Amino acid sequence: MSNSFSDSKQIKMISIFSELVQTDFKGEMNALCWYRNLEGDFNEIVTKLPIKENITEVYPEDLIALQLSEKGNIARETILNDLQLLADYGASPSLNLLKCYERDAEFDFISTDVYSFHVDRSPIATDTFLCTYHGAASDIISNSQAEQKILIPEIRAKLKELHNGPEEEFENFLEENYFDLHYQLHPDAKPINLGLGHLWRLAVDHPKQQVLPCIHRAPIENEGEYRLLLIC
């Protein structure tokens, strides 16, 4: 996996939050990175938060209630500040403590879970923001290095069998079941890992979007390690 953000045409590096939210996507560039080397002990926060299920939403009051060391407190202040910046911008951020996401085992020829490379879709103009503070981090891939799975002949043929309905309803069937959001990487594709501590803004598929949506995936979690992820 490459960690070289600056030489990718897909990514624009920025240094302050206002630039993150005000910069327009254009051309091949559909991912913005507020690059940061964060101080603090995020592992301490993870170990002190109760995990109630595979995905536990963590609220500001949960963070505030923790008894933390000085380094743990620095990490807490960073997370609270990020949540506030995004809320003030008008986004609805959530902080998740993740053991794992639900896997899609329904079909052996196409996956529609978040571990599959996919794009996000919205009926309104919006973007995806995310930051991994602890644990495995997400990957993105250039649109030129992947193909929609529904365009791969053998997958498309199986989806038509599954649909088993009128041809004119097939495209709607693909959208309604989110099959069209998922991508197959080319053999020589080089995903980029988003790393820890950086706040990302990724382009979403919506009617006003001027660029291709950013293809991304959730990582397979490291054994015995939880992820702490801000997303909206």
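Above this text sits the structure in question.
Let me begin by describing the structure that accompanies this report. (Residues numbered from 1 in each chain as written. Predicted model: local features only at pLDDT ≥ 70, side-chain atom pairs only at ≥ 80, totals over all residues. Heavy atoms only, no water.)

## Some words on helix 5 (residues 153-163)
For an α-helix, the turn length of 3.6 residues means that residues three or four places apart are oriented alike. Short version of the rule: Working definition: with a 1.4 Å probe on protein chains only, accessible area under 20% of the residue-type maximum means buried, over 50% means exposed, and in between means partly exposed. Helix and strand assignments follow DSSP, with helices taken as H or I runs no shorter than four residues and strands as E runs no shorter than two, numbered in order from the N terminus. Of all possible arcs, the one meant is that of the directions from the helix axis to the C-beta atoms. Any two residues having at least one pair of non-hydrogen atoms within 4.5 Å are treated as being in contact.
For helix 5, the full list of buried residues reads I155, L159 and H163. For helix 5, the angular spread of the buried residues around the axis is 80 degrees, confining them to a single face. Summarising the geometry of helix 5, the exposed residues directed more than 90 degrees from the buried face are P153, E154 and E161. In this structure, the buried side of helix 5 is in contact with helix 6 (170-176). The first or second residue beyond helix 5 is N164, which carries a positive phi of 50 degrees.

## Structural notes on the nonpolar core
Stated precisely, the cut-off is as follows: By nonpolar core is meant a set of buried Ala, Val, Leu, Ile, Met, Phe, Trp, Tyr and Cys residues that side-chain atoms within 4.5 Å join together.
Counting residues in each nonpolar core, the largest one holds 32 residues, and the members touching the most others are I45, I79 and L228. Contributing elements (two or more residues each) for this core: helix 1 (17-22), strand 2 (31-34), helix 2 (42-48), helix 4 (70-89), strand 4 (94-98), strand 5 (127-134), strand 10 (199-203) and strand 12 (227-231). In terms of residues, this core owes the most to one element, helix 4, which gives five residues. Ignoring sequence-local partners within four residues, the contact set of I79 consists of F42, I45, L63, L95, Y133 and L228. Grouped together as the second largest cluster of nonpolar side chains are 16 residues, Y115, L130, W200 and L202 included.

## Looking at the pairing of strand 5
Keep this limit in mind: Here a strand pair is declared whenever DSSP counts at least two bridges between the two strands.
Most of strand 5 sits inside the fold, with eight of its eight residues counted as buried. As paired elements, strand 5 and strand 10 share four bridges and run antiparallel to each other. Bridge pairing in strand 10 places L130 opposite W200. Bridge analysis of strand 5 against strand 12 gives four bridges, and the strand direction is antiparallel. Across the sheet, the residue bridging to H134 is L228, located in strand 12.

## With respect to the pattern of salt bridges
Our working rule: Here, a salt bridge means any side-chain nitrogen of Lys or Arg that lies within 4 Å of a carboxyl oxygen of Asp or Glu.
Per the counting criterion, the structure on display carries nine salt bridges. Notably, a salt bridge pairs R201 with D127, separated by 2.9 Å at the nearest N-O pair. Of this pair, R201 sits in strand 10 while D127 sits in strand 5; the two residues are 74 residues apart in sequence, bridging distant segments of the chain. Grouping residues by exposure puts R201 and D127 together as buried. Among the salt bridges present, the one from R217 reaches D139, with a minimum N-O distance of 3.0 Å. With R217 in strand 11 (residues 215-217) and D139 in strand 6 (residues 139-141), the pair connects residues that are 78 residues apart, well separated along the chain. Connected via shared salt-bridge partners are R121, D180 and D205.

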